[in-house]
Amino acid sequence: MEAEASPPLGLPPCCLWFRRPGIYEDEKGRTWVTVALQISPSHRAWGRGSPGSTHEISITVYMWQMPVHPQTPRFPSHLLVFGLPLKWELYPGRRYQATDSRLWEIVDHGQINSMEQLILKRLPSGSR
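Residues numbered from 1 in each chain as written. Predicted model: local features only at pLDDT ≥ 70, side-chain atom pairs only at ≥ 80, totals over all residues. Heavy atoms only, no water.

Structurally, the position occupied by Val-61 is in strand β4 (residues 58-65). With relative accessibility at 0%, the residue Val-61 sits in the buried group. Sequence-wise, Val-61 and Leu-120 are 59 residues apart; in three dimensions their C-alpha atoms are separated by 5.3 Å. Setting aside chain neighbours within four positions, we find Val-61 in contact with Thr-34, Ala-36, Leu-37, Leu-84, Trp-88, Trp-104, Leu-118, Ile-119 and Leu-120. (Helix = DSSP H or I, 4+ residues; strand = E, 2+ residues; numbered from the N terminus. Buried < 20%, exposed > 50% of the residue type's maximum accessible area, 1.4 Å probe, protein only. Contact = heavy atoms within 4.5 Å.)

What follows concerns the sheet that holds strand β8 (residues 115-122). In spatial order, the strands read β1-β2-β3-β4-β8-β7-β6-β5; together these eight strands close into a barrel with antiparallel pairing. Pairwise comparison of adjacent strand axes, ignoring direction, gives a mean angle of 30° for this sheet. Two elements, strand β6 (residues 95-98) and strand β7 (residues 103-112), share three bridges in a ladder whose sense is antiparallel. Its bridge partner being in β7, Arg-95 is matched across the sheet by Glu-105. (Pairing = 2+ DSSP bridges. Axes fitted to C-alpha atoms, helices over the stretch in contact; angles between N-to-C directions.)

Our next topic: the packing of aromatic side chains. Under the criterion given, the structure shown has three aromatic pairs. Arranged with centres 6.0 Å apart and planes meeting at 85°, the rings of Phe-18 and Tyr-24 form a pair that is edge-to-face. We note that Phe-18, like Tyr-24, is buried. Geometrically, the ring pair formed by Tyr-24 and Trp-88 is tilted, given 4.8 Å between the ring centres and 40° between the ring planes. Of this pair, Tyr-24 sits in strand β2 (residues 23-26) while Trp-88 sits in strand β5 (residues 87-91), placing them 64 residues apart in sequence. Feature note: the residues Phe-18, Tyr-24, Trp-88 and Trp-104 constitute an aromatic cluster, connected by ring pairs. (Phe/Tyr/Trp six-rings, centres within 6.5 Å; stacked < 30°, edge-to-face > 60°.)

Structure follows, in structure tokens:
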């Protein structure tokens, strides 16, 4: 028996707005939960660089579209430390532009089991 193909997902969300730590909402009112955050190089490796060298931290965020229980929004300052923006807006070329004008590449927009997944990777400063 052949496995059924997953239904087409269509386009990724046009916008993702911060709602509370780890939770974003798209233009259709669907919630996206940050399930993993990959930061490299690690802070330990970053500290080993030569004095005066500049290292840009790479951030990849994994999000699943899933319902969440409403809660009172909190101030997002601790997420800003990790480089996650308050808003992502779909940009030409399979990318999002964040509120700080940084670009994030859409690494994957697919489905895992029944969960819609979006993986975004922050591009280096100055990428266009």
